[in-house]
Amino acid sequence: MEKKSESSIIIGVDDKVSYPKAFVLGLQHVLAMDLYIAPIIIAGLLSLSAQNTSFFVQMCFLATGLATLIQTGAGIKLPVVQGPSYVPIGAIAAIGSKLGLGAIAGSLIPGAIIITLLGYPLKIFAKAVRKIIPPLVGGTVIIIVGISLMPTGLNNIFLAEGNIGDNVIVASVSAGVLVVCMLLGRRLAKLGTFFRLVSVIVAIIVGTITASFFGSIDFSPVKEASWFSLPSFFPFGKPVFDMNAIITMILVYLIILMETTGTWFVVSSITGEELDEPRLNRASAGEGLGCFVGSLFGSTPMTGYSSNAGLLAITGVASRMVVIVSGLILVFLGLIPKLSTAITCIPEPVINGIFGIVCVAIVTNGMKVIQPIHIDDRNMIIIGVPILMTTAVTVLPKEVLSTVPDWANYILSSGITVGALATVILNLLIPSTKKEAETENVKEAL
């Protein structure tokens, strides 16, 4: 991805901020995440006890923090927040149900090592990405990321506990407050900058207060959670290495890697930082190491969270220091179950109302990437057809997925993966004219 000259970033990637300010800004990323949703779904599919479910969620907080520190501190070295991926939910549930919980860890470890090796020492990943993903493809993938996430946020509002009308009001208030803070940030001077920097926290506070008027808040689980709990290696049993399970998870890991690459494009577009070969290889290695650490503590595979990437555009804060502090907060929450449980009690409509605006920010940043590109018939197909396919997969009835092979199920369960694959394949298959190729080469050179 080429470096952009225009940016709405207030605090740059390598800018330093005070520790109190970094804590507040980092807390926004943590509060805006729904990282506990995936582990709760998996726990339900595996019929885990309430105690084991709580511990599983705790380990996901811990693993998310460690993976974020690895990726942002030593991997891609950009403000990328890691979190549990939704892609492997079906595979993990199937492996755990058929082969036991130990087989889950046994299937996750080899795949994580392979993803790491693709980055270093093999250095294969960056060469593949640079060859097949020019700005046209990268910008389209960013748009696809935003579009594919929109229905998720909306469904989480409509299907959340409580009255749908009340949920829509709460979500609308949360989103509205966020938009107002963003607009104030662009129209006022220093006070406006303050509103924009803390816009997410303000939106969460106002949204939560609004939800309390409808009786949508329940903090009773916090009372039952313990204050402190130490992690342990392989908490659900020693790893069992089954070849079929390992091959399945390797496929899943490759899909996750493609999905998280879309997030890296989003971050690159927002921050204006180039995704050169060393950075891409470090990113792949960081992704693999984060997943490996997570598997040791009984967590699920990690991926870069697009929602947090969108927060960079909304708040204008792209400091790695802030995201590193987010990672430290997540690690701390993984050790203090009472606090991590309190975060899970924030009503879903509040988080997903904010999430909707984040998706809008992601889509518009993708549009910025493809804006300078001439849209002829070829480029129209490369941009439009993948968006159509992403939308088709997003609205695909869930019962259809049960009728296809497992490998197809994993792909079709992710609109980002389908859209990204379609974009890459169409760009490779549809020949460009000599003039178009020369224009593209000039743009990349610039």
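In this report, the structure presented in the accompanying data block is examined. Keep in mind the model is a prediction, meaning the values are calculated, not measured.

### Concerning the side chain of S148
- Relative to the helices and strands, S148 resides in helix α7 (residues 135-158).
- At a separation of 3.0 Å, a polar atom in the side chain of S148 contacts the main-chain carbonyl oxygen of V145.

### What to know about the packing of helix α14 (residues 306-315) against helix α17 (residues 348-370)
- Two numbers describe how α14 lies on α17: the axes approach to 8 Å, and their chain directions differ by 75°. On the basis of their axis angle, the class for α14 and α17 is roughly perpendicular. On the side of α14, the interface is formed by S306, S307, G310, L311, A313 and I314, while α17 contributes F355, I357, V358, A361, I362 and N365.

### A word on the pattern of salt bridges
- Enumeration over the complete set of coordinates arrives at three salt bridges.
- In this structure, D14 engages R320 in a salt bridge whose closest nitrogen and oxygen atoms are separated by 3.7 Å. Within this pair, whereas D14 is found in the segment before α1 (19-31), its partner R320 is found in helix α15 (residues 320-335), the two being separated by 306 residues in sequence.
- Given a relative accessible area of 54%, D14 falls into the exposed group.
- Measuring nitrogen to oxygen at the nearest pair gives 3.7 Å for the salt bridge that ties R279 to E273.
- Look at R279 and you get buried, because its relative accessible area is 12%.
- The exposure class of E273 is partly exposed, given its relative accessible area of 21%.

### Side note on the packing of helix α3 (residues 50-73) against α15
- Between α3 and α15, whose axes approach to 7 Å, the crossing angle comes to 155°. Between α3 and α15, the interaxial angle falls into the category roughly antiparallel. In terms of crossing hand, the pair formed by α3 and α15 is left-handed. Contact with α3, carried on its side by Q58, M59, F61, L62, T64, G65, L66, T68, L69, T72 and G73, involves R320, V323, I324, G327, L328, L330, V331, L333, G334 and L335 of α15 and no other residues of that element.

### A closer look at the environment of L335
- The topology assignment puts L335 in helix α15.
- Of the residues examined, L335 reaches a relative accessible area of 23% and is grouped as partly exposed.
- Put simply, L335 and L149 are 186 residues apart on the chain and 30 Å apart in space, counted from C-alpha to C-alpha.
- Those residues within four positions of L335 in sequence are excluded, and the remaining contacts are Q58, W227, F228, S229 and P231.

### Quick notes on a nonpolar patch on the surface
- Together, L154, F158, L159, I164 and V168 give the surface a local cluster of nonpolar side chains, amounting to about 470 Å² of exposed area.
- Those elements that place two or more of their residues in the nonpolar patch are α7 and α8 (164-187).
- With respect to the element layout, I164 can be found in helix α8.

### Re unusual backbone geometry
- Across the junction of Y120 and P121, the peptide omega takes the value 10°, indicating a cis bond.
- Along the chain, the position of P121 falls in the loop between α5 (101-119) and α6 (125-132).
- In the Ramachandran plot, K77 falls in the positive-phi region, its phi being about 55° despite a non-glycine side chain.
- By the element assignment, K77 lies in the loop between α3 and β1 (82-84).
- Judged by its relative accessible area of 34%, K77 is partly exposed.
- Here K123, not a glycine, exhibits a phi torsion of approximately 55°, which is positive.

Parameters at a glance
- Residues numbered from 1 in each chain as written.
- Predicted model: local features only at pLDDT ≥ 70, side-chain atom pairs only at ≥ 80, totals over all residues.
- Heavy atoms only, no water.
- Helix = DSSP H or I, 4+ residues; strand = E, 2+ residues; numbered from the N terminus.
- Polar contact = N/O pair within 3.5 Å; in protein donor to acceptor, adjacent residues only side chain to side chain.
- Axes fitted to C-alpha atoms, helices over the stretch in contact; angles between N-to-C directions.
- Parallel < 35°, antiparallel > 145°, perpendicular 65-115°, else oblique.
- Contact = heavy atoms within 4.5 Å.
- Salt bridge = Lys/Arg side-chain N within 4 Å of Asp/Glu carboxyl O.
- Buried < 20%, exposed > 50% of the residue type's maximum accessible area, 1.4 Å probe, protein only.
- Left-handed = near helix turned anticlockwise from the far one by under 90°.
- Patch = residues over 30% accessible without salt bridge, like charges linked within 9 Å, V, L, I, M, F, W, Y side chains within 5 Å.
- Areas by Shrake-Rupley, 256 points an atom, 1.4 Å probe, with all protein chains shown as cover.

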